[in-house]
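Each chain, written out:
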Amino acid sequence: MFAFIVLPVILSSFIDLTHQARTSAAWSYADEPSWPGACSSGAQQSPINIVTAAAVADHGGAVIRAPLQFRGYGAVDVSAVNNGHTLKWNAVPGGPAPTLSGGPLQGNYTFLQFHLHWLSEHAVDGIKYPLEIHFVHARTGLSIEEALQKRDGLAVIGVLYKVEKSPDSGHALEELMPMIPSIMNFTENEPTSADIIDLNRIMGADRSSFFTYQGSLTTPGCSEAVQWIVMETPRAISDAQFKLISSADVGGQANYRSLQPNNRPVYRSVSASAALAPSLLTLLSALYATSPSLVAAAKKTLCGLVNLKKKLLGLGGINCEKLVG
Ligand SMILES: *[C@@H]1O[C@H](CO)[C@@H](O)[C@H](O)[C@H]1NC(C)=O
Ligand SMILES: *[C@@H]1O[C@H](CO)[C@@H](O)[C@H](O)[C@H]1NC(C)=O
Ligand SMILES: [Zn+2]
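Description of the structure in this document. (Residues numbered from 1 in each chain as written. Chains lettered and ligands numbered in written order. Predicted model: local features only at pLDDT ≥ 70, side-chain atom pairs only at ≥ 80, totals over all residues. Heavy atoms only, no water.)

1. Topic: the state of the cysteines
- This model, assessed by the stated rule, comprises one disulfide.
- A sulfur-sulfur distance of 2.1 Å marks the disulfide that ties C39 to C222. Measuring handedness by torsion sign, the sulfur bridge of C39 and C222 sits at about 95° and is right-handed. Of this pair, C39 sits in helix α2 (residues 38–41) while C222 sits in the loop between β12 (210–215) and β13 (226–231), and the two are 183 residues apart along the sequence.
- Classification of C39 by relative accessible area gives buried; the value is 9%.
- You can call C222 buried: its relative accessible area is 0%. (Disulfide = S-S within 2.5 Å. Helix = DSSP H or I, 4+ residues; strand = E, 2+ residues; numbered from the N terminus. Buried < 20%, exposed > 50% of the residue type's maximum accessible area, 1.4 Å probe, protein only.)

Pasting the structure below:
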């Protein structure tokens, strides 16, 4: 398995400094501390480090009342944009929209869009993955504005992806690849023409094991309106796919928010497993908890860490002089 361990709270504070802020985007990942509203004042923010051993197995069905149900995900009409922060595929309005229900959700949620984060936003037992895709749904019948005002207004499915050399590693995202070259640069106002894609293929067949918790959007204004459902089983993408995706211009070298306080219960579906936490993971959890005080000390080693990460991903090194000052 290709996965690597990073100190996201520390990395994300510095990693974007080598790039100019975009004029097209009103906020940036380089500037997280100044994100407004709930981003700084909220109490249930996302993403978090999911500690599997601490996740509550919901044997009684108190939160996870039924299996997740996916209706109409096989052929979805989407168009793609680069909005300056992410690569995003929007459901074309008026088409038959996929509907999510079950799991921790009460009622139906209509699929709106999915988008990509590299590195992953959620960590699982301290491990971040190269890519995470968020499938965003709003409670059926609510406008986005209404959904953002409700604790259960949105349901977002997170799927993690590792980079693998296996022959079928290109399968999951194969349908997206032809669209990516045309959204390498900011294209907010010129979405690609619509295409029909299979969301089941991107998400993968194994959707019975997941973690779920109450949290927020991970971009400003960070509305605390999201029931998060993070799939347990990571999927695979190819090295070439990761390189193409992560070379898209989203205003910096990465587009993930740093980890937020892990201050509320995370539930796991009965089929999801808890890792046997080795001592390294305990250590990492401790690091997350105390990360602000580590920032100064980490500055010196940061450049090494970033370059190690980039080496693992097959990307070029970065200029250390710009980071360590
Ligand atoms: C959810 O959608 C299904 C299928 O359209 C429908 O049968 C069901 O009544 C809906 N549930 C609610 C709570 O609206
Ligand atoms: C993106 O911008 C770069 C630099 O301005 C340019 O060389 C490239 O052709 C652009 N790509 C697309 C798909 O527009
Ligand atoms: Zn997202």
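2. Looking at the environment of A147
- With respect to the element layout, A147 can be found in helix α3 (residues 144–148).
- Residue classification places A147 among the buried residues on the basis of a relative accessible area of 0%.
- Along the backbone, A147 and V226 are 79 residues apart, and their C-alpha atoms lie at a distance of 9.2 Å.
- Discounting residues that sit within four places of it in the chain, A147 has contacts with A138, L142, G153, L154 and A225. (Contact = heavy atoms within 4.5 Å.)

3. Notes on the environment of T86
- Relative to the assigned elements, T86 resides in the loop between β4 (76–82) and β5 (87–91).
- On the basis of relative accessible area, T86 is assigned to the buried category, the value being 7%.
- For the pair T86 and D249, spaced 163 residues apart in sequence, the C-alpha to C-alpha distance is 8.5 Å.
- When near neighbours in sequence (up to four residues on either side) are disregarded, T86 contacts V81, H115, L116, V250 and N255.
- Separated by 2.6 Å, the side chain of T86 and the backbone oxygen of L116 make a polar contact. (Polar contact = N/O pair within 3.5 Å; in protein donor to acceptor, adjacent residues only side chain to side chain.)

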